[in-house]
Amino acid sequence: MGGIDISVIGLFIAVVTGFGSYVLGKRMREKRAAKKREKDRIASQANETRQVRRARERKERGE
C-alpha cells in the first residue's frame, strides 16, 4: 500500500474515533433541532389571538 504500514491497533483507533465522532455529531444535531423546534413553537404561540390561545390552554389542561 505504497509503503504505508497500517497496524491493527491504528485501524482499531481510527474506527473507534470515527464512531465516536458520528455519535457526538448525531447528539449535537438532535439537540440543535430540539432547540429550533422549541423556538419555532414559542414564536407561533406569540402570534396567536387571545381566543386561539385560550382554546389551546383549555385543551392542554384537558377541559
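Structure shown above.
Residues numbered from 1 in each chain as written. Predicted model: local features only at pLDDT ≥ 70, side-chain atom pairs only at ≥ 80, totals over all residues. Heavy atoms only, no water.

Visitor: What am I meant to see in the environment of Glu63 here?
Guide: Along the chain, the position of Glu63 falls in the segment after helix 2 (50-61). Here Glu63 falls in the exposed class, since its relative accessible area comes to 68%. Linking Glu63 and Gly25, residues 38 residues apart in sequence, is a C-alpha distance of 42 Å. (Helix = DSSP H or I, 4+ residues; strand = E, 2+ residues; numbered from the N terminus. Buried < 20%, exposed > 50% of the residue type's maximum accessible area, 1.4 Å probe, protein only.)

Visitor: Please clarify how the pattern of salt bridges should be interpreted in this entry.
Guide: Two side chains bearing opposite charge may form a pair once their charged atoms approach each other closely. This model, assessed by the stated rule, comprises five salt bridges. Residues Glu48 and Arg56 are paired through a salt bridge, measuring 3.1 Å at the closest nitrogen-oxygen approach. Residue Arg56 is classed as buried on the basis of its relative accessible area of 19%. Linking Arg53 and Glu57 is a salt bridge whose minimum nitrogen-to-oxygen distance equals 3.9 Å. Highlighted residues: Arg53 and Glu57, both in helix 2, separated by four residues, approximately one helical turn. Its relative accessible area of 30% is what places Glu57 among the partly exposed residues. Several salt bridges converge on common partners, so that one network encompasses Glu48, Arg56 and Glu60. (Salt bridge = Lys/Arg side-chain N within 4 Å of Asp/Glu carboxyl O.)

Visitor: Hey, could you run me through the environment of Gly10 in this one?
Guide: Within the element layout of this structure, Gly10 appears in helix 1 (residues 8-46). C-alpha of Gly10 to C-alpha of Ser44: the two residues are 34 residues apart in sequence and 51 Å apart in space.

Visitor: What is the right way to look at a nonpolar patch on the surface in this model?
Guide: On the surface, Ile9, Phe12, Ile13 and Val16 cluster together into a nonpolar patch covering about 430 Å² of accessible area. Looking at the element boundaries, Ile9 is found in helix 1. The exposure class of Ile9 is exposed, given its relative accessible area of 62%. (Patch = residues over 30% accessible without salt bridge, like charges linked within 9 Å, V, L, I, M, F, W, Y side chains within 5 Å. Areas by Shrake-Rupley, 256 points an atom, 1.4 Å probe, with all protein chains shown as cover.)

Visitor: Honestly, the side chain of Arg56 in this entry has me stumped. Any pointers?
Guide: On the secondary structure map, Arg56 appears in helix 2. Not counting the four nearest positions on each side in its chain, Arg56 is found in contact with Gln45 and Glu48. (Contact = heavy atoms within 4.5 Å.)

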